[in-house]
Amino acid sequence: MRKISANTIFPVSRKAIKNGVVVVAEDGSILEIGHRTDYEDSTLEIYDGVLVPGFINTHCHLELSHMKGKVATGTSLIPFISNVVQFRDIPQAQIMAAIEAGDQAMYKAGIVAVGDISNKIDTALQKEKSAIRYATFVECFDFLQEDWAENTYEQYKAVYEAHSDRGGNKKSFVPHAPYSVSRNLFKLINQANPDDCTVSLHNQETLAENLFFLEKKGAFLDFYKNFDISLAAFQATGTSSLQYALTYMNPNCKTLLVHNTMSTKEDIKFAHQWNPNCYWATCPNANLYIENRLPNYQHILDTNAKVTLGTDSLTSNWQLSILEEMKTISKYQSYVSFEQLLQWATLNGAEALGYEQDLGSLEVGKTPGLLLLNLAEDLQMTADTKVKRLI
Ligand SMILES: [Zn+2]
């Protein structure tokens, strides 16, 4: 048993406690939360800094870890995707070593659970032996070709089956993005998933996405042309891309919408009416890397949307660290407080992935992990804020 104390503890599910103590059993489960005056000093481990629960990374592509530093920054989304597709024929041993290193880096950075997009089976083994919990999102896309849907689904079924759901891991089928999934494929995904799972969708990352659905115009037409795939059967829906996709998704599943750089308040309201269990994953460093812009978090705060944080992959990020995502938001939109960011980084993410029974907050009975952060005197993050994993 360990009795761990610091200047302030942030349980997340309740108010911060100055000079708080977290009593943790050998297996990492929390036995008690108290105050330093309740314990004899000699039995305490006392740290300078604040204690928070382990971080939840709700959007990653661990299988792309070998792409670190390979794709140029600031190109905007469509050239970015086209660049990524060029990187084939990487030796498998290199891919596997990068996956292992990515998993270990996340562990060290205090991440206890990951919502991980998988198009391949490469990460299955690492996820099984990892100390991190993985909710694997087997991501399907058929380039809007209705008659490819069945074959596409069969192909991803093999990826689904290769992933284990033992030891706290989970798996579900998910659509990639509105601009890449046909109506038939949405239906097959819905049929394959149980109602109580979480699904994710890359959402409104670029202006071109809405234009494509509203008027069948813009950069996605060239994108399809470059892949030599016909859009003859695709008609503009006259709605935003998000409204198109949600019409074909299952409103009983928790739905993790990822990026949302271009989402309006109307989009957010539409989504909440469709399903109150929508979560809005933001990956600020990836947004800066690819599009050189950030979402307007005030929009999201105004609508009471439940926000979560993600790192995206090392194709579009400099590291896999939720703390670095928090620091970026805090640097550019400093009206978002540390406590707000912490809620996004922990409990909201745990709820989105269905891990809130065990993770996301410091509460008796949970095994959320325990992290030490150094903050400034006013309890704000600085460029020097670092994370030390205590449990
Ligand atoms: Zn992504």
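Refer to the structure presented above.
Residues numbered from 1 in each chain as written. Predicted model: local features only at pLDDT ≥ 70, side-chain atom pairs only at ≥ 80, totals over all residues. Heavy atoms only, no water.

A. Examining the overall build of the protein chain more closely. Tallying secondary structure elements over the protein chain gives 14 helices and 17 strands in all. For 391 residues, the compact-globule estimate of 2.2 N^0.38 gives 21 Å, and the protein chain sits close to it at 21 Å. With the principal axes as the frame, the protein chain shows a C-alpha extent of 75 × 40 × 40 Å. Taken over 391 residues, the protein chain has a buried fraction of 58%. Summed over its atoms, the accessible surface of the protein chain is roughly 16,400 Å², and 49% of this surface lies on carbon and sulfur atoms. Taking the average location of the 34 positive side-chain charges in the protein chain and that of its 45 negative ones, the two points are 2 Å from each other. (Helix = DSSP H or I, 4+ residues; strand = E, 2+ residues; numbered from the N terminus. Rg over C-alpha atoms; globule rule 2.2 N^0.38 Å. Buried < 20%, exposed > 50% of the residue type's maximum accessible area, 1.4 Å probe, protein only. Areas by Shrake-Rupley, 256 points an atom, 1.4 Å probe, with all protein chains shown as cover. Lys, Arg positive; Asp, Glu negative; His and termini not counted. Charge placed at Lys NZ, Arg CZ, Asp CG, Glu CD.)

B. Geometry of the coordination of the zinc ion. The protein atoms that coordinate the zinc ion are His 59 (NE2), His 61 (NE2) and His 202 (NE2), at distances of 2.1 to 2.2 Å. Counting along the primary sequence, the residues that act as donors to the zinc ion give the motif H-x1-H-x140-H. Residue His 61 is located in the loop between strand E8 (55–60) and helix H1 (77–85), and its partner His 202 is located in strand E12 (residues 198–203); the two are separated by 141 residues in the primary sequence. His 202 carries the same exposure label as His 61, and that label is buried. (Donors = N, O, S within 2.8 Å, 3.2 Å for Na, K, Ca; no water.)

C. Looking closely at the packing of aromatic side chains. For the structure shown, the criterion picks out 23 aromatic pairs. Relative to Phe 227, the ring of Phe 143 lies with its centre 5.5 Å away and its plane at 40°, an arrangement referred to as tilted. Residue Phe 143 is located in the loop between strand E10 (133–140) and helix H4 (149–162), and its partner Phe 227 is located in the loop between helix H7 (219–226) and helix H8 (241–247); the two are separated by 84 residues in the primary sequence. The class of Phe 143 is buried, set by a relative accessible area of 17%. (Phe/Tyr/Trp six-rings, centres within 6.5 Å; stacked < 30°, edge-to-face > 60°.)

D. Region of the structure containing the sheet that holds strand E3 (residues 17–18). Spatial ordering of the open sheet is given by E3-E2-E7-E16-E17, a layout of five strands whose pairing is mixed. Here the strands that pair on one side only, and so sit at the sheet edges, are E3 and strand E17 (387–389). Where strand E16 (residues 370–373) meets E17, three bridges bridge the pair, whose relative direction is antiparallel. Bridge assignment links Leu 372 to a residue of E17, and that residue is Lys 388. (Pairing = 2+ DSSP bridges.)

E. Highlighting the layout of surface pockets. Considering only enclosed or pocket space, the largest pocket measures out at about 980 Å³ in volume. Lining the largest pocket we find 35 residues, and of these Leu 64, Val 84, Val 85, Asn 119 and Phe 141 sit closest to its centre. Top element by residues in the lining of the largest pocket is H1. It accounts for five residues. For the lining of the largest pocket, a count of residues per class yields 17 nonpolar, 10 polar and eight charged. (1 Å grid on protein atoms, 1.4 Å probe; cavity = no way out; pocket = protein on both sides within 12 Å on 5 of 7 lines; lining within 4 Å. Points joined across faces, edges and corners; volume = space filled by probe spheres on them. Nonpolar A, V, L, I, M, F, W, Y, C, P; charged D, E, K, R; others polar.)

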